[in-house]
Amino acid sequence: MLKIVRYGLLVASIIGMSSTKVLANDPIKKLSKKHVVADTINAGLKLPTGFEALKVADNLGRARHIAVTAQGDIYVKLGKLSSGKGTLRLRDNNKDGKADDIQSFGNFIGTGIAIKNNYLYTSSDDAVYRYQLNANGEVMNTEAPETIISGLINRRQHESKSVALDNDGNIYVNIGAYSNSCQIEDRKKGSLGKMPCPILDSAGGIWKFSASKLNQTYENGVRYATGLRNVVGLDWNTQNNQLYVMQHGRDQLHDLFPEMYTEKDNAEKPAETMYALKQGTNAGWPYVYYDPELKKKMVAPEYGGDGKKVSTDKNFADPVVAFPAHMAPNGILFYTGNQFPAKYKNGAFIAFHGSWNRAPLPQEGYYVAFVPFKNGKPSGEWEIFANGFAGVEVVTSTRSAQHRPCGLAEGPDGSLYVSDDSKGTIYKINYTGK
Amino acid sequence: MTSIKKGLIGVALLLLSINFLGFKSDIKLPDPIMASVLRGKEVYKAQCLACHQQDGGGVPHMNPPLDGALNVNGNDKARLIRIVLNGLADRVEIEGEMYSNSMASHKDLSNQQIADVLTYIRNSWTNKAGLVTVEEVKIGRSKLR
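Residues numbered from 1 in each chain as written. Chains lettered and ligands numbered in written order. Predicted model: local features only at pLDDT ≥ 70, side-chain atom pairs only at ≥ 80, totals over all residues. Heavy atoms only, no water.

Would you take a moment to explain the pairing of strand S27 (residues 405-410) of chain A for this structure?
Consecutive side chains along a regular strand alternate between the two faces of the sheet. Residues and elements named next belong to chain A. Within S27, six of the six residues are buried, leaving the element largely enclosed by the surrounding structure. In this sheet, strand S28 (residues 416-420) lies alongside S27 in antiparallel orientation, the contact comprising four bridges. The partner of Leu-408 across the bridge, within S28, is Val-418. (Buried < 20%, exposed > 50% of the residue type's maximum accessible area, 1.4 Å probe, protein only. Helix = DSSP H or I, 4+ residues; strand = E, 2+ residues; numbered from the N terminus. Pairing = 2+ DSSP bridges.)

Below you can see the structure in the form of structure tokens.
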């Protein structure tokens, strides 16, 4: 019986394959036919050999970041209210891998969510709250979250406030810049940059607050790192006790400065960059951007650059990893579990939401990537880990992508969870070795 | 079996080409609209496509779709003209969704270019609305402070 099903799927997938184009850099090319069967049943995902995926839940709405308790419950932060609520708790009572008990609470939308020391932290687009958890990892009072931080800038563009916590009682909050490149007129062709960029006083960086003090505002926090245009994915690396962030690089080099950049430049520059932060790190936005081809920090055209002028400013940090342009890294997770093969231990998974700003060239991203790490440093090239979220081989317009990876979390059993904020699917990826 | 299939494909191709020829020759769009649409497409590619995308589909939660949009197909042409001239960052709900990006002003486009690009977005993809004229854009511009 199982064999028949498998055979049917094999046929179906071969037919499917023959009618669609396989991208040159698509890992499926390297995989055997046998694996294609597994792809088809793996909730539509293409995974390395030995991994399997299933959908824990579907159609949840705008599922942004996720956090998993020691007991295996999944908390999901929603970017749009669902029946008036902004946070979900998914539970799998009969242990078949599918959520069969979904509760919702909280009347605010947002992105950030994290669990630390028996508290569930969630963020709206201008505040951070926390709920106490009981010994079973359940929110004790869903009606009364404590306000940790409020009054953070929210001007819609780059509005999400993602959070990460260290082991010393601090919480780090991204406050995105409400601008593309600090132009006098945002996204206006040829408009020059404001000097100095006034946005950086209260946004365009990571702020550090106490994770336990109530009612903090800007005055209680410190600007931990600056020059970061927008960070959605950030995670504390416990191996070397350091905060790592993924920046969304600036858009529209060609649209705004067509005499200096081609459409191809527009699509392929700048890199999406990972930074390892220390207090005071300056990643250089809006003054510089990182060119993935030249592997250099370039002066932004708003600040006197022309696509060739390399920045000589010593204050600006270099990225630890540079990825292709515009893929919108929305989640990063350092894997500390024991379920996956050794190569994955302490490495970084990155959820790429997928691009919109590569048009008229095809869009890119819509996958989860992996970078091996040793002691806080990349120890190899990045690779695509889980692909196929878009459901189509080539995304020409962003809306045709079916699923868009957004958040990542590690389960108590070492499995990897991925959220999708387009259809609201939660994926669970397991290693079976088969 | 295969010959039936071939036959079906043949019919489909025939239908397609009739459609295509129809589009080329006695197109339903009146000539002045067609001419404006063709010019407008070039303006769209250079000024609008990045955000609103090739298929007018926009980018979920960032840039609204123009394809199928009530406002784009509607009668309030003055509003569309105002949006292109002034840009838009009102953060108002559009058909139940909020969009987080900022649209810059495009007032340096000529009245003709604005008329053309609006005529293009009103007559592309699944949209079927009328012409926006240079005269209407001129009036819209004169009302700007």
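Mind showing me how you'd approach the pattern of salt bridges here?
Two side chains with opposite charge may pair up if their charged atoms get near one another. All names here are of chain A. Under the defined criterion, the tally for this structure stands at 26 salt bridges over all chains. A salt bridge links Glu-302 to Arg-250, with the nearest nitrogen and oxygen atoms 2.7 Å apart. Of this pair, Glu-302 sits in the loop between strand S19 (296-299) and strand S20 (321-323) while Arg-250 sits in the loop between strand S15 (242-247) and helix H3 (253-256), and the two are 52 residues apart along the sequence. Linking Asp-413 and Lys-428 is a salt bridge whose minimum nitrogen-to-oxygen distance equals 3.2 Å. Of this pair, Asp-413 sits in the loop between S27 and S28 while Lys-428 sits in strand S29 (residues 426-431), placing them 15 residues apart in sequence. A relative accessible area of 39% means that Asp-413 is categorised as partly exposed. We classify Lys-428 as buried; its relative accessible area is 13%. Taken together, the salt bridges that share partners define one network made up of Asp-73, Arg-89, Arg-91, Asp-101 and Glu-138. (Salt bridge = Lys/Arg side-chain N within 4 Å of Asp/Glu carboxyl O.)

Honestly, helix H6 (residues 111-122) of chain B in this entry has me stumped. Any pointers?
Along an α-helix, residues three or four apart share an orientation, since each turn contains 3.6 residues. All names here are of chain B. Taking 1.5 Å per residue, 12 residues should reach 16 Å; H6 reaches 16 Å between its end C-alpha atoms and fits that length. Here H6 lies mainly inside the structure; 10 of its 12 residues are buried. Turning to H6, its buried residues are Asn-111, Ile-114, Ala-115, Asp-116, Val-117, Leu-118, Thr-119, Tyr-120, Ile-121 and Arg-122. Summarising the contacts, the buried residues of H6 are in contact with helix H2 (31-47), helix H4 (70-73), helix H5 (77-86) and helix H7 (134-142). (Expected span 1.5 Å × (residues − 1). Contact = heavy atoms within 4.5 Å.)

What am I meant to see in the state of the cysteines here?
Disulfide: a covalent bond connecting the sulfur atoms of a pair of cysteines. With the rule as written, the count across this model stands at one disulfide over all chains. A sulfur-sulfur distance of 2.1 Å marks the disulfide that ties Cys-182 of chain A to Cys-197 of chain A. In this structure the cystine formed by Cys-182 of chain A and Cys-197 of chain A twists about its S-S bond by roughly 90 degrees; its chirality is therefore right-handed. Of the two residues, Cys-182 of chain A sits in the loop between strand S11 (170-175) and strand S12 (205-210) while Cys-197 of chain A sits in the loop between S11 and S12, which places them 15 residues apart along the sequence. Judged by its relative accessible area of 1%, Cys-182 of chain A falls in the buried class. For Cys-197 of chain A, a relative accessible area of 4% translates into the label buried. As a non-bridged cysteine, Cys-48 of chain B has Cys-51 of chain B as the owner of its nearest cysteine sulfur, 8.8 Å distant. (Disulfide = S-S within 2.5 Å.)

How should I be thinking about unusual backbone geometry in this particular structure?
For residues other than glycine, phi is negative in most cases, and the peptide bonds are mostly trans. Residue and element names in this part refer to chain A. Lys-269 connects to Pro-270 through a cis peptide bond whose omega is -10 degrees. Along the chain, Pro-270 falls in the loop between helix H4 (263-268) and strand S16 (272-277). Cis peptide bonds are those with omega within 30 degrees of zero, and the linkage from Ala-359 to Pro-360 qualifies with 10 degrees. Within the secondary structure, Pro-360 sits in the loop between strand S22 (348-352) and strand S23 (367-371). Its identity as a non-glycine residue notwithstanding, Lys-95 has a phi of 55 degrees, on the positive side. For Lys-95, the position within the fold is in the loop between strand S4 (85-91) and strand S5 (101-105). Within the chain, Gln-252 stands out as a residue other than glycine whose phi angle is a positive 65 degrees. Relative to the elements of secondary structure, Gln-252 occurs in the loop between S15 and H3. Exposure remark for Gln-252: the relative accessible area of 6% places this residue in the buried category.

Keep in mind that these numbers describe shape and distance, not what the molecule does.
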